[in-house]
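Structure at a glance
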Amino acid sequence: MTVGPRVHTLPPSCAAKAQQAPSHGQVSAKQSFSLTDLLLGGIRGIGILLMLTLGLSLINQAHANERLIILVRHAETAAQPSEDPQLSAAGEIRAIALITALTRTPLSQIVATQFQRTQQTVAPIANARHLPITLVSAQLPIQTHIQQMVEQVHAVKGNTLIAGHSNTLPLIIKSLGGPQIKPIAEDDYSQLFLLSINQDQIASLISTRYGQE
């Protein structure tokens, strides 16, 4: 069935005149559209819409799967007590600088060890973000601690900030799929690692610094 422009029936006398001088409103056969054409056009439009919707869905899913793991070593410590020292004045300044360094980075959890120096390093940003500090004990064997850190990262969706130690950060990064990094020097407190992990892609690592060196 062909659907064309609406046709008005004219009396015979007018029809003869109409054949000689077509009216301005008359539509030629070339301008008519079939129902099939309309359906095909609609199907193509729906197909494009579905492709756009699917594409946006895949992009959103990719972003949902991607997470950022931020790792820092604890800030500078006081000389005493030697077993579980608190932060020094310089360390307290560095801990505050972490707030500025991560201003634009959303966080879902903050993780530290049982030692005061790691907890105090993330305490200012934890207070600023109204987030609790989750403690993962740095116990021996060290591989047990690393495994528990990895499990804690995967236990929560979103970005994670970890305050660790010079000997644990390289192992945590490696266990989360990142590259092997150089050992952290004993007097180096300013390194900040950004590890991007995605279950469908290879992890990528950015090393930067924060606070005063």
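Residues numbered from 1 in each chain as written. Predicted model: local features only at pLDDT ≥ 70, side-chain atom pairs only at ≥ 80, totals over all residues. Heavy atoms only, no water.

**Overview of the overall build of the protein**
Scanning the protein from terminus to terminus reveals six helices and six strands. Evaluated residue by residue, the protein yields a buried proportion of 31% over its 213 residues. Sequence-distant contacts in the protein: of pairs separated by 6 or more residues, those separated by 24 or more amount to 63%. In the form shown here, the protein has an accessible surface area of approximately 13700 Å², with 59% of it arising from carbon and sulfur atoms. (Helix = DSSP H or I, 4+ residues; strand = E, 2+ residues; numbered from the N terminus. Buried < 20%, exposed > 50% of the residue type's maximum accessible area, 1.4 Å probe, protein only. Contact = heavy atoms within 4.5 Å. Areas by Shrake-Rupley, 256 points an atom, 1.4 Å probe, with all protein chains shown as cover.)

**Description of helix H4 (residues 116-129)**
Look at H4: 20 Å from first C-alpha to last across 14 residues, which is about the 20 Å you get at 1.5 Å a residue. At Ala123, H4 is deflected by roughly 40°, the largest bend along its length, and proline Pro124 occurs up to four residues later in sequence. Those residues of H4 not exposed but buried are Arg117, Thr118, Thr121, Val122, Ile125 and Ala126. Of the surrounding secondary structure, the elements contacted by the buried residues of H4 are strand E1 (67-73), helix H3 (89-101), strand E2 (109-112), strand E3 (133-135) and strand E4 (160-164). (Expected span 1.5 Å × (residues − 1). Bend = angle between axes of the 7 residues up to and from the residue.)

**Considerations on the pattern of salt bridges**
Under the definition given, this model contains four salt bridges. Among the salt bridges present, the one from Arg209 reaches Glu213, with a minimum N-O distance of 4.0 Å. With a relative accessible area of 75%, Glu213 lands in the exposed category. Each member of the salt-bridge network shares a partner with another, and the members are Asp188, Arg209 and Glu213. (Salt bridge = Lys/Arg side-chain N within 4 Å of Asp/Glu carboxyl O.)

**Section: the nonpolar core**
In this structure, Ile69, Leu71, Ile162, Ile172, Leu176, Phe193 and Leu195 are the most contacted members of the largest nonpolar core, which totals 19 residues. At the level of elements, E1, helix H5 (142-155), helix H6 (169-175) and strand E5 (191-198) are the ones that each hand at least two residues to this core. Among the elements that take part in this core, H5 stands out by supplying four residues, more than any other. The residues touching Ile172, leaving out its near neighbours within four places in the chain, are Leu71, Ile146, Met149 and Ile162. In this structure, Ile110, Ala112, Leu161 and Ala163 belong to the second largest nonpolar core, which totals 14 residues. (Core = buried A, V, L, I, M, F, W, Y, C linked by side-chain atoms within 4.5 Å.)

**Points about unusual backbone geometry**
Pro81 follows Gln80 through a cis peptide bond whose omega is -10°. Its location among the elements puts Pro81 in the loop between E1 and H3. Even without being glycine, His130 reaches a positive phi, approximately 60°. Mapping His130 onto the fold places it in the loop between H4 and E3. Looking at His130, the relative accessible area reads 72%, which means it is exposed.

**Regarding the pairing of E1**
Of all seven residues that make up E1, six are buried, and the element is covered over most of its length. The pairing of E1 with E5 spans six bridges and is classified as antiparallel. Bridge assignment links Leu68 to a residue of E5, and that residue is Ser196. Bridge count between E1 and E4: five bridges; the pairing is parallel. Note that in E4 the partner of Arg73 across the bridge is Gly164. (Pairing = 2+ DSSP bridges.)

**Some words on the confidence of the model for the protein**
Counting all residues, the mean pLDDT for the protein is 81, and 70% of those residues have values of 70 or more. Throughout residues 1-32 the model reports pLDDT below 50, and contacts reaching past four residues in sequence, or to other chains, amount to nine contacts. Contacts from residues 54-63, a stretch scored under 50 in pLDDT, to residues over four places away or in other chains number one contact. (pLDDT = per-residue confidence, 0-100.)

**Structural notes on the sheet that holds E3**
Taking strand neighbours across the sheet as the criterion, the six strands line up as E3-E2-E4-E1-E5-E6 in an open arrangement whose pairing is mixed. Only two strands of the sheet have a single neighbouring strand rather than two, namely E3 and strand E6 (201-209). Geometrically, the sheet is characterised by an average inter-axis angle of 25° between neighbouring strands, direction not taken into account. (Axes fitted to C-alpha atoms, helices over the stretch in contact; angles between N-to-C directions.)

**A word on the packing of aromatic side chains**
All chains considered together, the criterion is met by zero aromatic pairs. Arg94 extends its terminal NZ or CZ atom over the ring of Tyr210, reaching a point 5.6 Å from the ring centre. (Phe/Tyr/Trp six-rings, centres within 6.5 Å; stacked < 30°, edge-to-face > 60°. Lys NZ or Arg CZ within 6 Å of the ring centre and 35° of its normal.)

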